[in-house]
Amino acid sequence: MRTLEWIPDENVLELIDQRLLPAELVKIRLSSCEQVAEAIRDMAVRGAPAIGVAAAFGMALAACRSEEDSFDGFMKHMRYAADVLVHARPTAVNLAWAVERILEGLNHPGVTRENAFDKVLETAQRMANEDVEVNQRMAKIGAELIPEQATVIHHCNTGALATVDWGTALGVIRMAHEQGKRVHVLVDETRPGLQGARLTAWELSHYGIPYEIITDNAAGYFLQKGMVDVVLFGADRVAANGDLANKIGTYMLALAARENRVPAYAVVPSSTFDLSLSDGTAIPIEERPADEVLQLTWKGRRVAPEEARARNPAFDITPHDLIKAFVTELGLITPPFDEHIPKILQSSAALRRA
Ligand code: MRU
């Protein structure tokens, strides 16, 4: 199952509407970059790698629908589309990474007005396929860290739905399960959007992996009781020193894991590292509408008083010293991160250029 896919006959992007899961599995079709930006903003598509690839296809939609005759006019339109897409959500760096890669692909002598759309679509398709390959590579590397019998706490949704297919942290769990390991997952429900209770639980049911949903604030209890072997999560942006932004609650989970000497691993493709930031303080943190917190109902009634106000940061920063290692497609990255992260990422970028 792919979370998102280009439909060639109609030149549209089709994606699973994650707002409706698990009650309904509905696919929506998008035909403009503005519609893709709106789908990202409203979280019909979500998860750092998935929104990156969605944005790449958003660029393909812009290229396909462009009515500009000249190459210069076309490029002006593409820069407009890039701007619309990059501003859809601020935290996941994959969005800017994907859009920049498309723009770079257009900056070659062989690209003309006539073949520009084909080039953009080809790059977007390549990025979608690479995403699946990268996830499978990380899953194999990460599965080696999972004991034969293990209880894992997992935060947010990092599965096939958060990527093009397979997933990051959930991909590791899926691989360990397929290798015959007896993995039990404690699924953080992940307030306020409930990506854990809705999406991770839905995926785990499909894969036949045993799990139980826990409230986010129960994680410390299970860790303290010695009932957890590994903590796994993904990230939306990782600074050069290993500080990472991930779904709100990751910081508290990582703190509780360290306090109880349980290893916390971040499973992160190289596209999620942002070497332009030396540490996590400059990572922009998205604050989403208060309604997402206030609309919670209990026994059919709204929990919060009508006049209540709320704060809703969508991400937090987990300092690098709470992370045991990063699982990436380039291998395991261990401390000291400020030395190893730039070294490993830059040498792989140099290899790609050679
Ligand atoms: O707000 P979301 O649901 O887009 O946040 C997603 C996460 O925080 C994931 O953990 C992160 O993108 C890594 S998953 C591949």
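Refer to the structure above for everything that follows.
Read on for an overview of the structure. (Residues numbered from 1 in each chain as written. Predicted model: local features only at pLDDT ≥ 70, side-chain atom pairs only at ≥ 80, totals over all residues. Heavy atoms only, no water.)

Together, Tyr-251, Met-252 and Leu-255 make up an exposed nonpolar region whose accessible area comes to about 290 Å². Along the polypeptide, Met-252 turns up in helix α9 (residues 250–259). (Patch = residues over 30% accessible without salt bridge, like charges linked within 9 Å, V, L, I, M, F, W, Y side chains within 5 Å. Areas by Shrake-Rupley, 256 points an atom, 1.4 Å probe, with all protein chains shown as cover. Salt bridge = Lys/Arg side-chain N within 4 Å of Asp/Glu carboxyl O. Helix = DSSP H or I, 4+ residues; strand = E, 2+ residues; numbered from the N terminus.)

Judged by nonpolar contacts, the single largest core of 48 residues is most densely connected at Leu-4, Val-45, Phe-57, Met-59 and Met-78. Contributing elements (two or more residues each) for this core: β1 (4–7), β2 (12–16), α1 (33–41), α2 (48–65), α3 (71–86), α4 (94–106) and α5 (116–143). When residues of this core are assigned to their parent elements, the largest contribution, 13 residues, is made by α2. Contact partners of Phe-57, with chain neighbours within four places excluded, come to Leu-4, Trp-6, Leu-13, Leu-121, Ala-124, Gln-125 and Ala-128. Leu-186, Ala-257, Ala-264 and Val-268 belong to the second largest nonpolar core, which has 29 residues in total. (Core = buried A, V, L, I, M, F, W, Y, C linked by side-chain atoms within 4.5 Å. Buried < 20%, exposed > 50% of the residue type's maximum accessible area, 1.4 Å probe, protein only. Contact = heavy atoms within 4.5 Å.)

A few words on the layout of surface pockets. Its volume calculated, the largest pocket comes out at about 1,100 Å³. What lines the largest pocket is a set of 31 residues, and nearest its centre among them are Trp-97, Arg-101, Ser-270, Ser-271 and Arg-352. When residues of the lining of the largest pocket are traced back to their parent elements, those giving at least two are α2, α4, α5, β11 (273–274) and α11 (337–353). Its volume calculated, the second largest pocket comes out at about 430 Å³. What lines the second largest pocket is a set of 20 residues, among which Met-43, Gly-193, Arg-288, Glu-292 and Gln-295 lie closest to the centre. Among the residues forming the lining of the second largest pocket, the class breakdown is 7 nonpolar, 4 polar and 9 charged. (1 Å grid on protein atoms, 1.4 Å probe; cavity = no way out; pocket = protein on both sides within 12 Å on 5 of 7 lines; lining within 4 Å. Points joined across faces, edges and corners; volume = space filled by probe spheres on them. Nonpolar A, V, L, I, M, F, W, Y, C, P; charged D, E, K, R; others polar.)

What follows covers the site of the ligand. The local shell around the ligand holds 18 residues, among which Arg-46, Arg-89, Asp-236, Asn-246 and Lys-247 are the closest. Measuring from an oxygen atom of the ligand, one finds a side-chain N or O atom of Gln-195 at 2.8 Å. A distance of 2.8 Å separates an oxygen atom of the ligand from a polar side-chain atom of Lys-247. Coverage of the ligand by the protein amounts to 99% of the 410 Å² it exposes when considered alone. In this structure the site holding the ligand corresponds to the largest cavity. (Near = heavy atom within 4 Å. Polar contact = N/O pair within 3.5 Å; in protein donor to acceptor, adjacent residues only side chain to side chain. Sits in = over half its atoms within 2 Å of the grid points.)

We now examine the pattern of salt bridges. With the rule as written, the count across this model stands at 14 salt bridges. A salt bridge links Arg-19 to Asp-42; the nearest nitrogen and oxygen atoms lie 2.6 Å apart. Residue Arg-19 is found in the loop between β2 and β3 (27–30), and its partner Asp-42 is found in the loop between α1 and α2; the two are separated by 23 residues along the sequence. Across the pair Glu-130 and Arg-101 runs a salt bridge whose closest N-O atoms are separated by 3.0 Å. In this pair, Glu-130 sits in helix α5 while Arg-101 sits in helix α4, placing the two residues 29 residues apart along the sequence. A relative accessible area of 27% places Glu-130 in the partly exposed class. Counted as one network, the salt bridges with shared partners bring together Arg-89, Glu-286, Arg-288 and Glu-292.

Among all residues save glycine, negative phi is the norm, and among peptide bonds the norm is trans. Residue Leu-21 is joined to Pro-22 through a cis peptide bond whose omega torsion reads 0 degrees. Looking at the secondary structure, you find Pro-22 in the loop between β2 and β3. If you check the backbone angles, Met-43 has positive phi at about 65 degrees while not being a glycine. Within the secondary structure, Met-43 sits in the loop between α1 and α2.

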